[in-house]
Number of protein chains: 2
Amino acid sequence: MSVTAAKGFTAAGIAAGIKENGNPDLALVVNNGPRRAAAGVFTSNRVKAAPVLWSEQVLKSGQLSAVVLNSGGANACTGPKGFQDTHATAEKAAEVLGCGAGEVAVCSTGLIGVLLPMDKLLPGVATAAAALSEHGGEKAAIAIKTTDTVHKTSVVTRDGWTVGGMAKGAGMLAPGLATMLVVLTTDADLDSATLDKALRDATKVTFDRVDSDGCMSTNDTVLLLASGAAGVTPGYDEFAEAVRAVCDDLGQQLIRDAEGASKDIKVEVINAATEDDAVEVGRSIARNNLLKCAIHGEDPNWGRVLSAIGTTSAAFEPDRLNVAINGVWVCRDGGVGEDRDLVDMRYREVHIVADLAAGEQTATIWTNDLTADYVHENSAYSS
Amino acid sequence: MSVTAAKGFTAAGIAAGIKENGNPDLALVVNNGPRRAAAGVFTSNRVKAAPVLWSEQVLKSGQLSAVVLNSGGANACTGPKGFQDTHATAEKAAEVLGCGAGEVAVCSTGLIGVLLPMDKLLPGVATAAAALSEHGGEKAAIAIKTTDTVHKTSVVTRDGWTVGGMAKGAGMLAPGLATMLVVLTTDADLDSATLDKALRDATKVTFDRVDSDGCMSTNDTVLLLASGAAGVTPGYDEFAEAVRAVCDDLGQQLIRDAEGASKDIKVEVINAATEDDAVEVGRSIARNNLLKCAIHGEDPNWGRVLSAIGTTSAAFEPDRLNVAINGVWVCRDGGVGEDRDLVDMRYREVHIVADLAAGEQTATIWTNDLTADYVHENSAYSS
């Protein structure tokens, strides 16, 4: 059901011809109100794609009527012409939808450094507008795929209101945010300030902790739109929990579909002095190529976990560190623990626990193994 | 000629049986004086192997008579027993050489988290001592190999004095230092303070800028021993230049032999506001898995260079960035530059220039591409 699970939204996904292979490549999501509140979170990469610069700007009003998303090109590092193209896309959507361009966010994904084929994209916006439907959420989710093998959607329904969404992302997955486009919708009746807070609280512990390959994109965008069509205003905590649940689910789907991955690795850091320490250690472990190769080889090589922890500034004593892999404490007090042959690593999910023995804080980072297929997917052609 | 190129040094390399395959695994380097000045630089990883903890301690005197090095086991994360084993190794060397254990540095390399077979290592020290020779430098260099495909040595001879050395290292190569053991010797007549300064000045711009896979070891050690046997005291600048030349040569050899690599990538950052900025940007580019895959695929994917630059805190404006790959300025002013089809990437060495247009400082980081062979070497068995 995706972005049209919540009342008040229509969506469409079509093939505009941006992708040379003819696959769907243009999605449109429209908020039909009565409210048009919105919030967004964007990549912290300082090299930002034109659509990110545009959407950050239009979101300052806290209002969005529509989102245009294209795959087949990131429109990043494309200079003033790239920004003009994003502006023209918003203008075209505004024209066919009868709203202002300043109420239209734009998201793009694909290869960096290539201009979009505007002669195909602009007619595509009109085609998509004509195809808008209350059942269009799934087609929209399909149209934003790049190297994704499956489309990703999630829905949470509470007492009279709903949060739903779609995501794309399979490579260049790293925090700040993960590399992805996400559109969330809700029919709850909330203002943009509330949406903004709930979205930031949710992304901080979900998408920001998905780190498939340590690479941060120029295009990451997560949008949350509220139509108010349910006529219900939930309490903040209840709403924030629903948004977090949808973000968490979509984040897990990103990890499970990461390029070339054969393992999903949950890195849980416990007993840290601070949450920041826990996140720093988790990221360091998640980004260690040698460990990621070892996990691919089903080798519980805890020495690589310790060497990754050792590069951080977190509070810990080396001879108090403990590491468990799939429930077996292979490292105790910084040295050899239980027999590593006891570790069963046959399944896709691998659970690493790093115990810093320095406090009571915790954080979980999700990552993937490093595989020959990842190398192939990212070396055989430009993406 | 390796560590015995300089007068006053003997060395040996033997098979002690630490490696199960019977390959050479124990090296001994002895300074026969008249001087026994020494300096060392060690990993900045906070999880340090027992031999690193030991050698840091003994080097506080600024004096070394000998270095025992073993491959076949890192003696890292091995607790109090591991430290006792390192101590026993130094005691054994002291006994057979007739010096104090506090004048013996110990270096180990291999798998983390496994105790060394002391019943083989200690007799091996005696065997190595009996084999010491003024021509033993090459055998010593061979005995410290792990996944290295070739042994690495370098010699610079100046007016009446020499600096020579050996290195091992092929994986877990990242700054602070690169993952490696290096022993340098000189017959110049210099005190330990001068050696220390020259060594730190050299490693900062050589080994510290070799970043093959972003992973920092628990065992990195670089030692510089001076015998004074040449009876010559060169000026500081002249000596420092020679040490830097040997370190630079050995660092290049590490990159050329990095595990699974098919490309050696020179990342040159120019026009940075500060040298620190240049190093930060260089490291970010060098550690970007997606870029490293693209280079493997001979794809001049400059968008991945820009997205890596964008994650740093260096001073730059996105729309003033320029990137050249093998001499072709494929990115100009943050956007599309010269035709990427002009880039010839058929050869092993790839040269990336990132122009930050923010100042006059520069730094060069060396790295490798990311290949299926790297994944295989680091997933098929524990190392």
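How each quantity is defined
- Position numbers for residues count from 1 along each chain, tracking the sequence in the order it is written.
- Each chain gets a letter, beginning with A, and each ligand a number, beginning with 1, in the order they are written.
- Reporting in this predicted model follows two pLDDT cut-offs: at least 70 for local features of residues, and 80 or more for side-chain atom pairs to be given and counted; totals over whole chains, interfaces and linings ignore these cut-offs and use all residues.
- The side-chain figures draw on all heavy atoms in the structure; neither hydrogens nor water molecules are used.
- UniProt positions are given in the numbering used here, feature names are shortened, and annotations may be inferred rather than shown by experiment.
- We count a stretch as a helix when DSSP gives it H or I for four or more residues in a row; a strand needs E for two or more, and each element gets its number in order from the N terminus.
- In this treatment the radius of gyration is a C-alpha quantity, and the globule benchmark scales as 2.2 Å times the residue count to the 0.38 power.
- We call a residue buried when its accessible area falls under 20% of the maximum for its residue type, exposed when it is over 50%, and partly exposed in between, using a 1.4 Å probe and counting protein chains only.
- Per-residue and other accessible areas follow the Shrake-Rupley method at a 1.4 Å probe size, with only the shown protein chains counted as cover for residues.
- None of His or the chain ends enter the tally, which takes Lys and Arg as positive and Asp and Glu as negative.
- Positions of charges follow a simple convention, taking NZ of Lys, CZ of Arg, CG of Asp or CD of Glu.
- Contacts are residue-level and defined by heavy atoms, with any inter-residue pair within 4.5 Å sufficient.
- Two parts placed together each lose some accessible area; with a 1.4 Å probe, that loss summed over both constitutes the buried area.
- A pair is scored as a salt bridge if a Lys or Arg side-chain nitrogen falls within 4 Å of a carboxyl oxygen belonging to Asp or Glu.
- The term polar contact refers here to a pair of N or O atoms within 3.5 Å; inside protein, the definition further demands a hydrogen-donor-capable atom paired with an acceptor-capable atom, and it admits residues adjacent in sequence only when both atoms are side-chain atoms.
- As a working rule, the residues Ala, Val, Leu, Ile, Met, Phe, Trp, Tyr, Cys and Pro are called nonpolar, Asp, Glu, Lys and Arg charged, and the rest polar, with Gly in that last group.
- Strand pairing is assigned whenever DSSP detects at least two bridges linking the two strands.
- Note on method: axes are straight lines fitted to C-alpha atoms, helices fitted across the in-contact stretch only, with angles between N-to-C directions ranging 0 to 180 degrees.
- The disulfide definition used here is simple: a pair of cysteine sulfur atoms within 2.5 Å.
- To line up the copies, we fit them by least squares on C-alpha atoms, keeping just the residues with pLDDT of at least 70 in both.
- Each Phe, Tyr or Trp ring (for Trp, its six-membered ring) is paired with any other whose centre lies within 6.5 Å, and the angle between the two planes then decides the class: stacked below 30 degrees, edge-to-face above 60, tilted in between.
- Either the NZ atom of lysine or the CZ atom of arginine qualifies as a charge over a ring when it sits within 6 Å of the ring centre and within 35 degrees of the ring normal.

By the naming in an unreviewed UniProt entry, chain A goes by Arginine biosynthesis bifunctional protein ArgJ and is assigned to Streptomyces calvus. Of chain A, the UniProt comment under Function (unreviewed entry) reads exactly: "Catalyzes two activities which are involved in the cyclic version of arginine biosynthesis: the synthesis of N-acetylglutamate from glutamate and acetyl-CoA as the acetyl donor, and of ornithine by transacetylation between N(2)-acetylornithine and glutamate."

Colleague: Now, about the overall build of chain A: what can you tell me, with residues and values included?
Modeller: A tally of helices and strands in chain A yields 10 helices and 15 strands. Radius of gyration (C-alpha) of chain A: 21 Å, near the 21 Å computed for a compact globule of 383 residues. Taking all 383 residues of chain A together, the buried fraction comes to 60%. Within the structure as shown, chain A displays about 12,800 Å² of accessible surface, and the carbon and sulfur contribution to it stands at 48%. Computing the positive centroid from 32 side-chain charges and the negative centroid from 49, chain A places the two 3 Å apart.

Colleague: Which residues make up the interface of chain A and chain B, and what values go with them?
Modeller: Contacts between chain A and chain B engage 50 residues on the former and 50 residues on the latter. Both faces combined, the contact of chain A with chain B buries some 3,900 Å², and carbon together with sulfur accounts for 58% of it. Taken together, chain A and chain B are joined by 0 salt bridges. Between the two partners, chain A and chain B, sit 11 residue pairs in polar contact (both at pLDDT 80 or more). For the side of chain A that touches chain B, the elements supplying multiple residues, two or more each, are helix H8 (289–296), helix H9 (302–309), strand S13 (335–336) and helix H10 (372–377) of chain A. Grouping the amino acids of the side of chain A that touches chain B by side-chain chemistry returns 22 nonpolar, 23 polar and 5 charged.

Colleague: Go over the sheet that holds strand S8 (residues 181–186) of chain A, please, and point to the residues and values.
Modeller: Residue and element names in this part refer to chain A. Reading across the sheet, the 5 strands line up as S3-S9-S8-S7-S6 and stay open at both edges, with mixed pairing between neighbours. Of all the strands in the sheet, the pair left with one neighbour each is strand S3 (37–42) and strand S6 (152–157). The mean inter-strand angle of the sheet, taken between neighbouring strand axes irrespective of direction, is 10 degrees. Examined bridge by bridge, S6 and strand S7 (residues 162–168) share 6 bridges and lie antiparallel to one another. Residue pairing across strands places Val155 opposite Gly164, the latter belonging to S7. The strands touched by helix H6 (residues 236–256) within the sheet are S6, S7, S8 and strand S9 (221–226), with S6 carrying the most contacts at an inclination of about 155 degrees.

Colleague: So what's going on with the sheet that holds strand S12 (residues 328–332) of chain A? Residues and values would help.
Modeller: All names here are of chain A. Sheet architecture is open: 6 strands sit in the order S13-S12-S11-S14-S10-S15, paired in mixed fashion. Of all strands in the sheet, those with a lone pairing partner are S13 and strand S15 (361–368), marking the two edges. Relative to strand S14 (residues 349–355), strand S10 (residues 264–272) is paired through 7 bridges, and the arrangement is parallel. Paired with Val267 across the two strands is Ile352, which belongs to S14. Against the sheet, H9 makes contact with strand S11 (322–325), S12, S13 and S14, and its axis sits at roughly 135 degrees relative to S11, the strand it touches most.

Colleague: Let's hear about the pairing of strand S12 (residues 328–332) of chain B: which residues, and what values?
Modeller: Residues and elements named next belong to chain B. Of the pairings in the sheet, the one linking strand S11 (residues 322–325) to S12 comprises 2 bridges and is antiparallel in character. Bridge pairing in S12 places Val323 opposite Cys331. Joining the antiparallel neighbours S11 and S12 is a turn of 2 residues, in which Asn326 adopts a positive phi near 45 degrees. With 2 bridges joining them, S12 and strand S13 (residues 335–336) adopt antiparallel strand pairing. The partner of Cys331 across the bridge, within S13, is Val336. If you look at the hairpin formed by S12 and S13, you'll find 2 residues sitting between the two strands, and Asp333 has a positive phi there, around 50 degrees.

Colleague: Describe helix H1 (residues 50–58) of chain A, with residues and values.
Modeller: An α-helical turn contains 3.6 residues, so a residue and the one three or four places further along point in the same direction. Among the residues of H1(A), A:Ala50, A:Pro51, A:Val52, A:Trp54, A:Ser55 and A:Val58 are the ones counted as buried. Tucked into the core, H1(A) has its buried residues touching S3, helix H2 (79–97), strand S5 (104–108) and S9 of chain A.

Colleague: Could you give me a rundown of the side chain of B:Asn70, with the residues and numbers involved?
Modeller: Residue and element names in this part refer to chain B. Within the secondary structure, Asn70 sits in strand S4 (residues 66–70). In terms of polar contacts, Asn70 uses its side chain to reach the backbone carbonyl oxygen of Gly73, at 3.2 Å. Among residues more than four places away in sequence, those in contact with Asn70 are Ile18, Asp25, Leu26, Cys107, Ser108, Thr109, Leu116 and Leu121.

Colleague: Quick rundown of the state of the cysteines? Include the residues and the values.
Modeller: Structurally, a disulfide amounts to a covalent bond that connects the sulfur atoms of two cysteines. All names here are of chain A. If you walk through the whole model with that rule in mind, you get 0 disulfides over all chains. Unpaired in this structure, Cys107 has its nearest cysteine sulfur neighbour in Cys247, at a distance of 14 Å. Residue classification places Cys107 among the buried residues on the basis of a relative accessible area of 2%. The buried category is assigned to Cys247, whose relative accessible area is 0%.

Colleague: Mind laying out the relation of the copies chain A and chain B, listing which residues take part and the relevant values?
Modeller: With an RMSD of 0.0 Å, the operation that places chain A on chain B is a rotation of 180 degrees combined with a shift of 0.0 Å along the axis. The transformation relating the two chain copies, once decomposed into turn and shift, fits a two-fold axis. Taking C-alpha positions as the reference, the residue of chain A nearest the rotation axis is A:Ala372, at 2.1 Å. Both copies share a contact surface, since 100% of the interface residues of chain A are interface residues in chain B too.

Colleague: Summarise the pattern of salt bridges; cite the residues concerned and give the values.
Modeller: Residue and element names in this part refer to chain A. If you walk through the whole model with that rule in mind, you get 30 salt bridges over all chains. Arg340 is the salt-bridge partner of Asp299, the closest N and O atoms lying 2.7 Å from each other. Separated by 41 residues along the polypeptide, Asp299 in the loop between H8 and H9 and Arg340 in the loop between S13 and S14 bring together distant segments of the chain. Arg340 gets classed as partly exposed once you look at its relative accessible area, which sits at 30%. One continuous salt-bridge network, built from bridges that share partners, spans Asp148, Lys152 and Asp257.

Colleague: Mind laying out the UniProt feature "binding site: substrate" (unreviewed entry) in chain A, listing which residues take part and the relevant values?
Modeller: Residues and elements named next belong to chain A. Using the residue numbers shown here, the UniProt feature "binding site: substrate" (unreviewed entry) corresponds to Thr146, Lys168, Thr179, Glu259, Asn378 and Ser383. Structurally, Thr146 can be placed in the loop between helix H4 (137–143) and S6. Dropping the residues within four chain positions of it, Thr146 is found in contact with Ser71, Thr109, Gly110 and Lys168. Tracing the chain through its elements places Lys168 in strand S7. Given the relative accessible area of 4%, Lys168 is considered buried. For Lys168, the side chain forms a polar contact with the side chain of Thr109, separated by 2.9 Å.

Colleague: Which residues make up the packing of aromatic side chains, and what values go with them?
Modeller: Under the counting rule described, the total for this entry stands at 4 aromatic pairs over all chains. The interplanar angle of 50 degrees and the centroid separation of 5.8 Å between the aromatic rings of B:Trp161 and B:Phe239 together place this pair among those described as tilted. Taken together, the residues B:Trp161 in the loop between strand S6 (152–157) and strand S7 (162–168) and B:Phe239 in helix H6 (residues 236–256) connect sequence positions 78 residues apart. The exposure classification of B:Trp161 matches that of B:Phe239, with both residues buried. Over the face of the ring belonging to B:Phe316 we find A:Arg46, whose NZ or CZ atom lies 3.9 Å from the ring centre.

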